[in-house]
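Coordinates in review
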Amino acid sequence: MASLRGSKNTAIGLYADGYELKLAKLSLRGGQVVVDELQSTTLAQKIEEKRNATAVELSQLNEGPDTFALPTSAEADAEGVADNNSVLLSLLSKYPTSGYVLGYAISEPSVYYHQLESDFGLKGKKLKRRVADELRMVRPVEPALDSIDFFHGADKGLMCVVREEGMTMLTLLEEVKPYLGKRLPKIALIEDSDVALLNLARSNYAFNPDDITAIVYIGVEFTRLIFMRGSDFLHFAPILGEGYDSPNVQNTVYSRLLLEQDNMGIARIDRVLLAGECGRIGFDSFLREQLADVEVQYMRTQQLNTAALDEGVQEQIPEYAVPIATAWKILDEKQKSFYPLNLLPDDVREGQKTFKLAWHGYLLFALVFLASFLFTSRYGAQKVELETKNGTLTVLATKIAENEKIKEQIAGLNDQMARYNTALAIYDSLVPGAERWNQMVAMLTKGVKDIGSLWITEMKGLPDGTTSIQGYAMSRNRIPRIAALFGNATLARVEVKEIREKSPPVYNFTITVPPQEDVNKEEAAPETGAAKQ
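1. Quick look at unusual backbone geometry
E108 connects to P109 through a cis peptide bond whose omega is 10 degrees. Among the secondary structure elements, P109 is positioned in the loop between β4 (101-106) and β5 (111-116). For N248, which is not glycine, the phi torsion reads 60 degrees and is therefore positive.

See the structure below:
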């Protein structure tokens, strides 16, 4: 998602719920998003409501010196009613327009939703055109492309959000522009209020992939239920036209929650997040009594710094969930949990750009780029080649240094082997019979390798000069073969043993080999007899 805040570090989010206009001011300080201020005020009329002028107002229309001048506070007090322009101006006039970026959220009926099974493998404007084609078959009016946006939900489905109205706030801002220093703040975002609630939940809570979460927003005049599977959007329940002060609203919302759960075939709901005016009616306590095994809590902003707010204001954060999420989305462009949805018209985006090129400007820009490229291409190519060769030279020098170390290690090992061979030769000359052991070990090693499936555990000399060899064999018929390696060796013992449960048994054997001189005598005897014959 492209940067919404530009170079600004402060954002203001607005949201109108019935006659209540809520504002959240957030700023980016020290790598943290800080909630600076939360406030609300009462509108003279609903934002999307068209109020007909009274006869008195029509008669007074041309009497004033300035037909379109806003009434002063004294005039408003005298009339007993302030218009929406004055209300909006009272909220924004204390902030310098050059110091913040503005965004606001809209909800049904200013927007409507249309769900598709997939994105058809398309992106960007191609996908918007395909969505417009789909909507043309089910809606009487084809929407403009810049009024369409979308995001992917659970099971890779595509939820399309279409703005039908929602432009009254822009009109109000234009009307109060002369009283804001003849300059409006940058308007970066028109957010969908339901998507704002999803963004706030996704960015502040961890979800198991199969958990079902219900977001319950009870507003001033309506109630919305949103379902999530894991961290993905699952379902928007039809809007309820009842606010927090409606009679029996708690039971109504609870019944709708159970109905939606049954309609979607959901076995259980794991968590319920409450936002809006739920705190005014103690809806958390009511739900905990009805859903004892479900985690019920007010939506909080653990990822935001709220230290600048009083404790009482911090408790009101769930009421300002939508404007907080709207302002946060403007500031934190790196937050991957936000759905990249923006319903701001293209003409508003383009009109706010301070620098815009016509076709000949783009042509000149391309020529300058090509000329610069031609002059710098050779230098760039040679620089790349030089860097490549320097890199290769560095790698080769590193390998040479490593090879020198290995060469030194090999030389040291060769010296050590020479010392060991010298010591071994001296040992053989000093210890009688040492050669016999060398021969026996060599013979035994070769025999074990040839026969296989056996291993030697002990080889020791006995006081009478015989040698005892102990070991194990996987097969009994291999034991005589190992004994046959030593001429007249004696197989002293064979036992059957188990090493592990459910494993085949092994054979423990002991072989005794007579002293070398006895063996030599026995080998010499047949030769003497043969000579006598």
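2. Examining the environment of L184
Here L184 lies in the loop between α5 (168-176) and β8 (186-192). For the pair L184 and P96, spaced 88 residues apart in sequence, the C-alpha separation works out to 9.5 Å. Beyond its immediate stretch of four places on either side in the chain, L184 contacts T97, L173, E174 and K177.

3. A closer look at the sheet that holds strand β1 (residues 10-17)
The strand order across the open sheet formed by 5 strands is β3-β2-β1-β4-β8, and the pairing between neighbours is mixed. Both edges of this open sheet fall to β3 (32-42) and β8, since each of them pairs with a single strand only. If you compare each strand with its neighbour and ignore which way they point, the axes differ by 20 degrees on average. As defined by bridge partners, β4 adjoins β8 across 6 bridges and the pair is classed as parallel. Paired with I106 across the strands is D192, a residue of β8. The strands touched by helix α6 (residues 193-204) are β1, β4 and β8; relative to β8, the strand with the most contacts, the crossing angle is about 90 degrees.

4. Description of the confidence of the model for the protein
Averaged over every residue, the pLDDT of the protein is 85; residues scoring 70 or more account for 87%. Segment residues 60-81: pLDDT under 50, and 13 contacts once partners within four positions in sequence are set aside and those in other chains are kept. For residues 518-533, every residue scores under 50 in pLDDT, and the model assigns this stretch 3 contacts once sequence neighbours within four places are set aside.

5. Topic: the pairing of strand β9 (residues 212-218)
Most of β9 is tucked away: 7 of the 7 residues are buried. Along β9, one buried face is formed by I212, A214, V216 and I218 and the opposite face, lined by T213, I215 and Y217, is buried too. Hairpin connection between β9 and strand β10 (residues 223-229): a loop of 4 residues separates the two successive antiparallel strands. Sheet analysis places β9 next to strand β12 (residues 271-276), joined by 6 bridges and oriented parallel. Within β12, the position partnered with T213 by the bridge is R271.

6. Describing the packing of aromatic side chains
One pass over the structure, following the stated rule, counts 10 aromatic pairs. A ring pair is formed by F151 and Y339, whose centres lie 4.4 Å apart and whose planes are at 35 degrees; its orientation type is tilted. Of this pair, F151 sits in strand β6 (residues 148-152) while Y339 sits in the loop between α10 (321-331) and α11 (346-351), placing them 188 residues apart in sequence. With respect to class, F151 is no different from Y339; both count as buried. Relative to F286, the ring of F283 lies with its centre 5.8 Å away and its plane at 15 degrees, an arrangement referred to as stacked.

7. Brief notes about the sheet that holds strand β11 (residues 232-236)
Strand order in the open sheet formed by 5 strands is β11-β10-β9-β12-β13, and the pairing between neighbours is mixed. With one partner strand each, in any of the chains shown, β11 and β13 (295-298) form the two edges of the open sheet. Averaged over neighbouring strand pairs, the angle between their axes works out to 25 degrees when direction is ignored. As judged from the 7 bridges shared by β9 and β10, these two strands associate in the antiparallel manner. Residue pairing in the sheet places I218 in a bridge with T223 of β10. Its contacts with the sheet put α6 on β9, β10, β11 and β12, and the angle it makes with β10 is roughly 45 degrees.

8. Quick look at the pattern of salt bridges
Counted by the stated rule, this structure contains 27 salt bridges. In this structure, D194 engages R224 in a salt bridge whose closest nitrogen and oxygen atoms are separated by 3.1 Å. Pair noted here: D194 is in helix α6 and R224 is in strand β10, with a separation of 30 residues, a long-range link. A relative accessible area of 3% means that D194 is categorised as buried.

9. Some remarks on the packing of helix α7 (residues 249-264) against helix α8 (residues 283-290)
Viewed as axis vectors pointing N to C, α7 and α8 meet at an angle of 50 degrees, and their least axial separation amounts to 11 Å. With respect to each other, α7 and α8 are oriented oblique. Judged by the twist between their axes, the crossing of α7 over α8 is right-handed. On α8, the residues that touch Q250, N251, V253 and Y254 of α7 are F283, F286, L287 and Q290. A class-by-class count of the residues in the contact of α7 with α8 yields 5 nonpolar, 3 polar and no charged.

10. Things to note about α8
Of all the positions in α8, only F283, D284, F286 and L287 are classed as buried. Down the axis, α8 shows its buried residues gathered within 160 degrees of arc, on one side only. Looking at the buried positions of α8, the neighbouring elements they touch are β9, α7, β12 and β13.

11. Here we look at the nonpolar core
L14, L26, L88, F151, L198, I215 and I324 are the most contacted members of the largest nonpolar core, which has 79 residues in total. With near-sequence residues (within four places) excluded, L88 lies in contact with L14, L21, M169, L172, L173 and V176. Counting residues in hydrophobic clusters, the runner-up holds 26 residues, among them A154, L225, F286 and L287.

12. Things to note about the environment of E495
By secondary structure assignment, the location of E495 is in strand β16 (residues 490-497). We classify E495 as partly exposed; its relative accessible area is 33%. In the structure, E495 is positioned 14 residues away from F509 in sequence and 6.4 Å away in space, judged by C-alpha atoms. Discounting chain neighbours no more than four positions away, the residues touching E495 are V506, Y507 and N508. A distance of 3.2 Å separates polar atoms of two side chains, one belonging to E495 and the other to R493.

Cut-offs applied
Residues numbered from 1 in each chain as written. Predicted model: local features only at pLDDT ≥ 70, side-chain atom pairs only at ≥ 80, totals over all residues. Heavy atoms only, no water. Helix = DSSP H or I, 4+ residues; strand = E, 2+ residues; numbered from the N terminus. Contact = heavy atoms within 4.5 Å. Pairing = 2+ DSSP bridges. Axes fitted to C-alpha atoms, helices over the stretch in contact; angles between N-to-C directions. pLDDT = per-residue confidence, 0-100. Buried < 20%, exposed > 50% of the residue type's maximum accessible area, 1.4 Å probe, protein only. Phe/Tyr/Trp six-rings, centres within 6.5 Å; stacked < 30°, edge-to-face > 60°. Salt bridge = Lys/Arg side-chain N within 4 Å of Asp/Glu carboxyl O. Parallel < 35°, antiparallel > 145°, perpendicular 65-115°, else oblique. Left-handed = near helix turned anticlockwise from the far one by under 90°. Nonpolar A, V, L, I, M, F, W, Y, C, P; charged D, E, K, R; others polar. Arc of directions from axis to C-beta. Core = buried A, V, L, I, M, F, W, Y, C linked by side-chain atoms within 4.5 Å. Polar contact = N/O pair within 3.5 Å; in protein donor to acceptor, adjacent residues only side chain to side chain.

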